[in-house]
Amino acid sequence: MVSQTTTTICPFCGVGCGLNLHTEDDRLISVTPQLDHPVSRGQLCSKGWSSAYGVDLRGRILHPLIRTPRGFRQASWDEALTTIGEALQQVLNEDGPMAVGIISSARATNEDNYAAQKLARAVLKTNNIDHCARICHSPTVAGLKQTLGSGAMTNSAADIFETDLIVVFGADPTENHAILGGHIMRAHLAGTKLIVVDPRRTRLAKLADMHLQLKPGSNIALINALIKTILDNHWQDSEYIEARCEGLVPLAAAVANAYDGVERTTGIDLETIREMARAYSKASRAMIFYGMGITQYVSGTNNVIALSNLALVCGQIGRPGTGINPLRGQNNVQGACDMGCLPNVYPGYQAVADLAARDKFSHAWKTALPEQPGLTSLGMSKAALDGSFRALILFGEDPVITDPDQNQERLALSKLDLLVVAELTMTDTARMADVVLPAASFAEKSGTFTNCERRVQHVRQALPPPGEARGDWQWLAAIARQLGSDQLDWSDSEAVFREMAALTPSYSAMSYPHIDEHCGLQWPCSAETPDGTAVLHSNSFPIGRARLIPVHPTEIDESADAEYPLLLTTNRLHFHYGCGSMTRKSPLLEREIPPGLLFINPADARDLGILHRAPVGVRSRRGYLETCAMVSEDLPPGLVSMPYHFREAPSNQLTNNAQDPVTKMPELKACAVAVEPLPPGRVPRSMDQLNAEQGGIER
Amino acid sequence: MMSCYLLDTLERLHSHLARVYQIVQPLEDVGQSAPPLVSPKGYFFAEQENLFVFDGECFRETLPQPPPFVLFGVQSCDLTAIAYQDQFFARDPYYQARRQQALLVGIDCVTPCEHGFCASVDAGPGVKAGCADLILHARPEGGWMLMVCSDKGGEAIRGMELDQMDDTELRARDRRIDDCIAAFPDDSHLHRGIAAISQGRVPDQQWQQLGIQCLGCSGCTTLCPTCSCYGTRDLSEDQGDIRRQRFWDSCLYESFQREASQHNPSEEAGERVRRFWTHKFGDNFAKTFGRYGCVGCGRCEQTCPGVIGVHSVMRRIADYAPDDDV
Ligand code: SF4
Ligand code: SF4
Ligand code: SF4
């Protein structure tokens with residue numbers, strides 16, 4: 001019996017907690033927290049504690065699979081790669097590089113993501129590379145890039161214990177970033193003031209000093225009114241604005257009328273707005289955390305800019321215990337962005353449109369690189385529908401479950417000539433593939449993840465990949481070789497990291513040994529800051545002076561009306577993650593799925609004749625599903641909410657595909673629905689049943 | 001009366017025991033003050049284990065058959081917990097199959113650890129004779145006292161040729177343990193909290209308030225050495241066999257007590273938190289097991305992301321204790 005302990009990083013969310021994996025004879029037997037981890041300090045959430053179940057071999061894909069008219073059949077790697085290579089070559093010959101693309105994974109390592117964008121750019125010669133940040137935080141990158149010059153969390157997790165006021169804006173950290181949420185509770189219990197702004201009464205809202213239960217989609221109206229209050233009362237930090245910002249005059253002009261109708265739009269009275277404005281501007285150190293309640297709107301980018309304006313006028317950026325801090329969902333969404341898995345930037349956010357940057361990468365990779373900007377993931381789906389986009393390589397994502405407007409997504413994928421999906425288990429998306437590749441889980445590979453506080457951490461292999469499974473960059477390299485390129489022929493993950501760090505200024509002083517020595521390094525980590533950076537923008541912004549940019553409220557795309565009288569928002573449950581393909585393998589977490597998935601206020605439930613846990617049908621302009629109702633005071637009247645992890649009743653059947661004009665972020669946080677009770681005792685039909693019975697899309 | 005010997009080095013005991021036993025040492029360093037992050041309960045009550053396999057016709061036993069092993073250097077809190085689990089799992093063949101094979105070598109604590117309070121709940125810091133086969137005690141002047149407290153322990157060290165030590169040494173050990181007890185920080189919140197719980201004086205509203213903070217992570221129940229709840233599931237194997245597996249469960253999960261009808265007597269998080277602490281400090285449990293369910297290891301305080309580990313909870317409820325119970 002050989003027992004071993006491997007220290008690694010939790011694969012489930014952007015907090016990046018430290019895990020010990022205990023193995024016995026190449027079997028994972030238990031998971032424990034790392035006591036000395038700088039963020040998690042000996043704690044884990046339910047997902048972390050259950051991560052042993054996620055890599056359980058049951059249900060794992062162990063061999064390449066090729067679609068035949070009679071279903072999938074097992075194939076050798078050689079055959080799978082030949083099939084992929086020929087199909088890619090044919091599409092490239094016929095329609096050129098804009099017809100192919102890659103969607104990489106915010107769950108995969110930095111090394112995997114670096115390899116994916118390099119395969120796209122240097123081998124396929126296309127900038128069609130994206131990942132799921134599109135549906136989480138692309139507005140963060142777009143917004144903060146304009147205002148501050150960098151789209152990441154400005155401060156660190158440890159700052160939670162060094163601040164006087166924490167503002168949680170449109171985020172539910174105890175569910176989505178549980179260990180950080182726990183830190184916020186701990187700081188609050190020890191006396192730090194806590195303000196929560198959220199339409200739902202979240203766990204933190206119940207504990208907070210103030211809860212502003214604003215109407216969905218009224219973020220900008222509220223923030224502008226806060227800024228107006230601050231300016232009217234001269235509570236701003238004039239010295240800071242003078243020294244470090246530009247654009248105060250137009251901002252002041254833009255918020256001058258911010259009180260008009262604000263109580264009606266937001267549902268918050270002026271007295272409360274004033275109280276929050278005072279608390280935030282007068283706090284000597286105040287820290288903002290925000291999440292998808294800011295980003296998942298058609299006004300996502302502007303919402304982020306508005307928050308940035310608020311922080312800047314109060315001088316709350318650039319010191320410990322302050323800052324504007326996006327809580328990014330997936331374990332490595334920060335890294336996937338840093339690695340340039342975005343259609344418009346190379347690693348380190350160096351713009352494709354910038355000739356110097358293109359030359360730099362072209363020189364390093366010794367090949368000409370495409371100029372034409374790439375398509376986003378939603379752009380690829382659209383182009384697939386009209387036939388101009390024909391081959392897609394996708395891994396570690398289940399867009400059929402997690403993307404808005406499932407039915408469109410399914411249709412788009414079915415139009416492709418070639419869909420390659422690399423996965424651990426048969427997800428709904430993998431079921432649609434032409435070739436399925438067996439991927440290695442986080443416990444079976446090495447590399448790095450970058451957590452939400454920009455900490456690059458070492459992921460270590462504890463187990464051999466099962467069957468013929470391979471790590472992502474390894475099979476990406478095999479595809480490159482199939483196309484006659486040795487661009488991805490690295491000897492190991494460390495070699496990938498070395499190449500990436502040499503080309504990515506904010507990672508330039510990092511190496512595996514240096515990361516190990518410091519329990520992770522926070523970027524920027526370069527010659528000037530060789531041990532990393534805990535607080536961004538201490539002395540200056542990457543763009544010199546920060547920009548205050550006026551933004552105006554935009555109404556949500558689809559308000560409730562007579563036909564669809566309720567507004568639906570989405571939420572997450574802390575014990576599940578993404579599409580649930582890993583967390584649902586735990587019998588405990590599977591059991592934790594509530595008996596119903598539609599959360600509704602008691603008053604609405606009464607009006608509609610809906611009892612607690614009774615079956616309901618939910619319809620929007622785009623789809624229909626059935627589930628049971630959970631009657632809960634946590635929702636205000638008029639608003640219902642559904643988590644989005646569950647294939648039985650995927651909320652994305654219903655959500656709106658209207659997009660943020662800048663980032664194409666879909667408005668997942670608000671759409672109009674009608675809810676009706678089903679006959680008592682009726683078992684809600686799952687999506688598969690509904691599709692089979694009704695032939696899909698229509699009820 | 002225990003016999004007590006002088007042991008010059010731990011290695012000597014180690015290599016003697018290794019002739020018969022596989023050595024398992026849960027502590028990084030025998031003699032460190034804090035207990036290991038994970039309690040040793042998993043050595044007997046496995047985190048996941050098969051109960052049987054059904055091949056369509058017959059049930060096949062899957063009783064574990066571990067070789068004899070020694071848990072070398074277990075602190076008093078964890079040994080007290082093992083004694084408690086021995087009662088709980090007295091008739092559980094899977095637990096007993098492992099437990100029968102084990103020799104327990106305890107180690108006395110002589111300095112308090114960060115969150116621990118064994119002394120407040122009669123579970124340490126000195127190892128009690130009934131809880132171990134052998135006990136080690138570090139002598140300040142060098143070497144170790146080795147106390148034999150069971151026949152199995154005596155058998156295990158037979159042939160080691162050790163010098164017997166006299167009562168003065170045992171008295172010195174008691175003094176050092178008393179000094180350690182005196183060095184623990186103020187524990188009045190614990191006594192008051194226990195009184196409040198065991199007399200049912202904590203109002204529901206207070207439990208609900210604490211319940212808001214429970215993230216249902218299962219950290220406390222996973223690390224707690226006396227938690228013993230498990231769930232079962234049937235897994236179908238490739239060859240058509242059905243394997244029944246049991247796995248550690250947590251009473252803090254919302255679904256722990258949810259019935260098939262969806263009815264759930266503890267749907268409220270506060271109710272689940274109350275139940276957990278009543279199991280640790282309720283008088284009914286004390287009657288059944290002869291002691292409280294908490295052995296004062298402090299692990300829940302360290303690992304609870306919701307800040308409702310034992311000290312945090314006790315501080316919040318201490319005020320409900322009756323006044324004369326200070
Ligand atoms: S908080 Fe996030 S990183 Fe930490 S254990 Fe939970 S899922 Fe894993
Ligand atoms: S309740 Fe907490 S302190 Fe008591 S035995 Fe369990 S983990 Fe240890
Ligand atoms: S450790 Fe804390 S948060 Fe986790 S289940 Fe236990 S009481 Fe709840």
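Residues numbered from 1 in each chain as written. Chains lettered and ligands numbered in written order. Predicted model: local features only at pLDDT ≥ 70, side-chain atom pairs only at ≥ 80, totals over all residues. Heavy atoms only, no water.

With respect to the overall build of chain A
Summing up its helical and strand segments, chain A has 26 helices and 28 strands in all. For a compact globule of 699 residues, the expected C-alpha radius of gyration is about 27 Å, and chain A comes in at 24 Å, within 12% of that figure. Judged by the C-alpha coordinates and their principal axes, chain A covers about 70 × 65 × 55 Å. Classification of the 699 residues of chain A by burial places 67% in the buried group. In chain A, once contacts between residues fewer than 6 apart in sequence are set aside, the share between residues at least 24 apart is 73%. When the accessible surface of chain A is summed, it comes to about 22700 Å², and 51% of that surface belongs to carbon and sulfur atoms. Side-chain charges of chain A comprise 62 positive and 76 negative groups, with the mean position of each set lying 2 Å from the other. (Helix = DSSP H or I, 4+ residues; strand = E, 2+ residues; numbered from the N terminus. Rg over C-alpha atoms; globule rule 2.2 N^0.38 Å. Buried < 20%, exposed > 50% of the residue type's maximum accessible area, 1.4 Å probe, protein only. Contact = heavy atoms within 4.5 Å. Areas by Shrake-Rupley, 256 points an atom, 1.4 Å probe, with all protein chains shown as cover. Lys, Arg positive; Asp, Glu negative; His and termini not counted. Charge placed at Lys NZ, Arg CZ, Asp CG, Glu CD.)

Some words on the pattern of salt bridges
Under the definition given, this model contains 42 salt bridges over all chains. Across the salt bridge formed by Glu 626 of chain A and Arg 682 of chain A, the nearest N and O atoms sit 3.3 Å from each other. Taken as a pair, Glu 626 of chain A in strand β26 (residues 624–631) and Arg 682 of chain A in the loop between β28 (671–677) and α26 (687–694) lie far apart in primary sequence, 56 residues in all. Among the residues examined, Arg 682 of chain A registers a relative accessible area of 29% and is labelled partly exposed. Note that Arg 99 of chain B and Asp 86 of chain B form a salt bridge whose closest N and O atoms lie 2.9 Å from each other. Of this pair, Arg 99 of chain B sits in helix α3 (residues 93–99) while Asp 86 of chain B sits in helix α2 (residues 76–88), and the two are 13 residues apart along the sequence. Note on Asp 86 of chain B: relative accessible area 21%, which makes it partly exposed. Salt bridges sharing partners connect three or more residues here, namely Glu 94, Asp 95, Arg 390 and Asp 417 of chain A. (Salt bridge = Lys/Arg side-chain N within 4 Å of Asp/Glu carboxyl O.)

Overview of empty space enclosed by the protein
Remark: the empty space left among the atoms is shown by a probe the size of a water molecule rolled over them. Residues and elements named next belong to chain A. Following the criterion strictly, the structure yields 14 cavities of 30 Å³ or more and no others. By volume, the largest cavity amounts to about 240 Å³. What lines the largest cavity is a set of 21 residues, among which Gly 170, Ala 171, Gly 293, Thr 570 and Lys 669 lie closest to the centre. Put simply, the parts of the chain that give the lining of the largest cavity at least two residues each are α6 (173–176), α14 (292–295) and β23 (566–571). Among the elements that line the lining of the largest cavity, the one with the most residues is β23, at 3 residues. A per-class count over the lining of the largest cavity returns 7 nonpolar, 9 polar and 5 charged. (1 Å grid on protein atoms, 1.4 Å probe; cavity = no way out; pocket = protein on both sides within 12 Å on 5 of 7 lines; lining within 4 Å. Points joined across faces, edges and corners; volume = space filled by probe spheres on them. Nonpolar A, V, L, I, M, F, W, Y, C, P; charged D, E, K, R; others polar.)

Observations concerning the pairing of strand β18 (residues 435–438) of chain A
Residues and elements named next belong to chain A. Burial along β18 is two-sided: the face carrying Val 435 and Leu 437 and the face carrying Val 436 and Pro 438 are both buried. Where strand β4 (residues 65–68) and β18 come together, 2 bridges link them in antiparallel fashion. Looking at the pairing, Ile 66 lines up with Val 435 of β18. (Pairing = 2+ DSSP bridges.)

As for the sheet that holds strand β19 (residues 447–450) of chain A
Residue and element names in this part refer to chain A. Reading across the sheet, the 3 strands line up as β19-β20-β21 and stay open at both edges, with antiparallel pairing between neighbours. Each edge of the open sheet is held by one strand with a lone partner, namely β19 and β21 (521–522). Of the strands in this sheet, β19 and β20 (455–459) touch helix α4 (residues 110–123), which is tilted by about 95° from β19. (Axes fitted to C-alpha atoms, helices over the stretch in contact; angles between N-to-C directions.)

With respect to the sheet that holds strand β11 (residues 242–248) of chain B
Residue and element names in this part refer to chain B. An order of β4-β3-β11-β10 is seen for the 4 strands of this open sheet, with the pairing classed as antiparallel. Every interior strand has two partners, whereas the edge strands, β4 (59–61) and β10 (230–236), have only one. The mean angle between the axes of side-by-side strands here comes to 30°, regardless of whether they run parallel or antiparallel. As judged from the 3 bridges shared by strand β3 (residues 48–54) and β4, these two strands associate in the antiparallel manner. Within β4, the position partnered with Val 53 by the bridge is Arg 60.

Concerning the state of the cysteines
Residues and elements named next belong to chain B. Tallied over the full model, the rule gives 0 disulfides over all chains. Among the cysteines around Cys 118, which has no disulfide bond, Cys 77 carries the closest sulfur, lying 6.3 Å off. Cysteine Cys 180 is unpaired, with the sulfur of Cys 118 as its nearest cysteine sulfur at 6.6 Å. For Cys 180, a relative accessible area of 1% corresponds to the buried category. (Disulfide = S-S within 2.5 Å.)

Looking at the domain arrangement of chain A
Residue and element names in this part refer to chain A. Taken domain by domain, chain A holds domain 1 (3–54), domain 2 (65–133 + 331–505), domain 3 (138–327) and domain 4 (566–694). The straight-line distance from the C-alpha centre of domain 1 to that of domain 3 is 33 Å. At the interface, 11 residues of domain 1 touch 11 residues of domain 3. Here domain 1 and domain 3 share 0 salt bridges between them. At the surface where domain 1 touches domain 3, the tally comes to 1 residue pair in polar contact (both at pLDDT 80 or more). Residues of the side of domain 1 that touches domain 3, tallied by class, amount to 6 nonpolar, 3 polar and 2 charged. (Domains from an automatic or database assignment. Polar contact = N/O pair within 3.5 Å; in protein donor to acceptor, adjacent residues only side chain to side chain.)

Things to note about the site of ligand 2
By nearness alone, every residue bordering ligand 2 is listed as Phe 117, Cys 224, Pro 225, Trp 277, Lys 280, Cys 294, Val 295, Gly 296, Cys 297, Gly 298, Cys 300 and Val 310 of chain B. Partitioned by chemical class, the residues of the shell around ligand 2 number 9 nonpolar, 2 polar and 1 charged. (Near = heavy atom within 4 Å.)

Considering the interface of chain B and chain A
Each partner contributes to the interface: chain B provides 40 residues, whereas chain A provides 39 residues. Buried surface at the junction of chain B and chain A, summed over both partners, amounts to about 3100 Å²; 53% is from carbon and sulfur atoms. Of all residues in chain B, the largest losses of buried area upon contact with chain A belong to Ile 212, Leu 215 and Tyr 253 of chain B, amounting jointly to 19% of the total for that side. Run the count over chain B and chain A and you get 0 salt bridges. (Buried area = accessible area lost by both parts, 1.4 Å probe.)

Quick notes on helix α15 (residues 300–313) of chain A
Residue and element names in this part refer to chain A. Helix length check: α15, at 14 residues, gives a terminal C-alpha distance of 20 Å against a target of 20 Å (1.5 Å per residue), a fit within 8%. Most of α15 is tucked away, with 13 of its 14 residues classed as buried. At the exit of α15 stands Gly 315, carrying a positive phi of roughly 65°. (Expected span 1.5 Å × (residues − 1).)

Observations concerning the site of ligand 3
Neighbouring ligand 3 are the residues Cys 214, Leu 215, Gly 216, Cys 217, Ser 218, Cys 220, Leu 252, Cys 304 and Ile 308 of chain B. In the shell around ligand 3, the residues fall into 7 nonpolar, 2 polar and no charged.

Regarding the nonpolar core
Residues and elements named next belong to chain A. Grouped together as the largest cluster of nonpolar side chains are 63 residues, with contacts concentrated most on Leu 88 and Leu 119. When residues no more than four places from it in sequence are discounted, the contact partners of Leu 119 are Ile 102, Leu 124, Ile 393, Leu 476, Ile 479, Ala 480 and Leu 488. Judged by nonpolar contacts, the second largest core, of 53 residues, contains Ile 223, Ala 225, Trp 235 and Ile 305. (Core = buried A, V, L, I, M, F, W, Y, C linked by side-chain atoms within 4.5 Å.)

Things to note about the domain arrangement of chain B
For interface size, the figure often reported is the accessible area lost on association. Residues and elements named next belong to chain B. Per the domain assignment, the segments making up chain B are domain 1 (3–182) and domain 2 (188–325). For domain 1 versus domain 2, the distance between C-alpha centres works out to 26 Å. Of the roughly 3400 Å² buried between domain 1 and domain 2, counting both surfaces, carbon and sulfur atoms make up 58%. For the pair domain 1 and domain 2, the number of links is 4 salt bridges. Asp 92 is paired through a salt bridge with Arg 246; the nearest N and O atoms lie 2.9 Å apart.

A closer look at the environment of Cys 452 of chain A
All names here are of chain A. Within the secondary structure, Cys 452 sits in the loop between β19 and β20. Note: C-alpha distance between Cys 452 and Ala 152 (300 residues apart in sequence) is 7.6 Å. Once residues within four sequence positions are removed from consideration, Cys 452 is found in contact with Gly 14, Val 15, Met 153, Leu 180 and Arg 328.

Digging into helix α13 (residues 270–282) of chain A
Here α13 of chain A is 13 residues long and its end C-alpha atoms lie 18 Å apart, about the 18 Å a rise of 1.5 Å per residue gives. Ile 273, Met 276, Ala 277, Ala 279, Tyr 280 and Ser 281 of chain A are the residues of α13 of chain A that are buried.

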